[in-house]
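Structural features, examined
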Amino acid sequence: MLYQLFTGFFSAIFRLVSMLGWCFVAVLRLDMTIFPKELAGMDAGYMAFCSNVYFRHQHSNAVLQEAVRAFADIDRGEETEGEGEGGSTEKTALETEKSEAHRRARNRWQVAYTLLKNPALVKLRRGVEFSLEEGDKVHQE
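Residues numbered from 1 in each chain as written. Predicted model: local features only at pLDDT ≥ 70, side-chain atom pairs only at ≥ 80, totals over all residues. Heavy atoms only, no water.

**Some details on the overall build of the chain**
Across its full length, the chain holds four helices and two strands. Reading the chain from its N end, one meets helices and strands in the order α-α-α-α-β-β. Considering only intrachain contacts with a sequence separation of at least 6, the fraction spanning at least 24 residues in the chain is 0%. Summed over its atoms, the accessible surface of the chain is roughly 13100 Å², and 62% of this surface lies on carbon and sulfur atoms. (Helix = DSSP H or I, 4+ residues; strand = E, 2+ residues; numbered from the N terminus. Contact = heavy atoms within 4.5 Å. Areas by Shrake-Rupley, 256 points an atom, 1.4 Å probe, with all protein chains shown as cover.)

And the structure:
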């Protein structure tokens, strides 16, 4: 009985010292919290680390920076598409035909995507009957 008392006491002391050692290691690492997930907001060091990571991601995201730069260039009128020889903005017949074809293709893809996401609209299309069960398209005239 006395043996179990001493063993339990030294085991408790060993566990306390090892827990304090791990806590000191965890406190030095700000990228992981010592609290459970529900209480992670109370860990000031961890929240500072997370806010720093979020801030750097928001302000150094290459895709976002390029998008902002492109939109800023468009707003300033620095878009060079469509300028011909000598700085004139007249489009040639070929450029006009290409842009019209591009616009038609884009519109068709948008209609197809809309119809795919909203199958109820398919039957409202003029001149087209579509069977959802069979997946075939039948033209009405």
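**Brief notes about the confidence of the model for the chain**
Considering every residue of the chain, the mean pLDDT works out to 77; 78% of them sit at 70 or more. Taking the mean pLDDT of every element in the chain, the minimum, 50, falls on strand β2 (residues 137-139) and the maximum, 87, on helix α2 (residues 44-59). Predicted confidence for residues 82-88 stays below pLDDT 50, and this span has four contacts to residues more than four positions away or in other chains. (pLDDT = per-residue confidence, 0-100.)

**A few points about the side chain of Asp-43**
Positionally, Asp-43 belongs in the loop between α1 (2-28) and α2. Leave out the neighbours within four places in its chain, and Asp-43 touches Thr-33, Ile-34 and Phe-35.

**Details of a nonpolar patch on the surface**
A cluster of nonpolar side chains, contributed by Leu-2, Leu-5, Phe-6, Phe-9, Phe-10, Ile-13 and Val-17, occupies part of the molecular surface with about 750 Å² of accessible area. Overall, Phe-10 belongs to the exposed group, its relative accessible area being 54%. (Patch = residues over 30% accessible without salt bridge, like charges linked within 9 Å, V, L, I, M, F, W, Y side chains within 5 Å. Salt bridge = Lys/Arg side-chain N within 4 Å of Asp/Glu carboxyl O. Buried < 20%, exposed > 50% of the residue type's maximum accessible area, 1.4 Å probe, protein only.)

**Digging into the packing of aromatic side chains**
Applying the stated criterion to the full structure yields one aromatic pair. Seen from their ring centres, Phe-9 and Phe-10 are 5.6 Å apart, and the 65° between their planes marks the pair as edge-to-face. (Phe/Tyr/Trp six-rings, centres within 6.5 Å; stacked < 30°, edge-to-face > 60°.)

**Let's talk about the pattern of salt bridges**
For the structure shown, the criterion picks out two salt bridges. Across the pair Glu-100 and Arg-103 runs a salt bridge, and its minimum N-O distance is 2.7 Å. Here Glu-100 and its partner Arg-103 are both found in helix α4 (residues 93-117), three residues apart, which amounts to about one turn of the helix.

**Describing the environment of Val-27**
Locating Val-27 in the fold gives a position in helix α1. By relative accessible area, Val-27 is classed as partly exposed at 49%. It is 9.4 Å that separates the C-alpha atoms of Val-27 and Tyr-46, two residues lying 19 residues apart in sequence.

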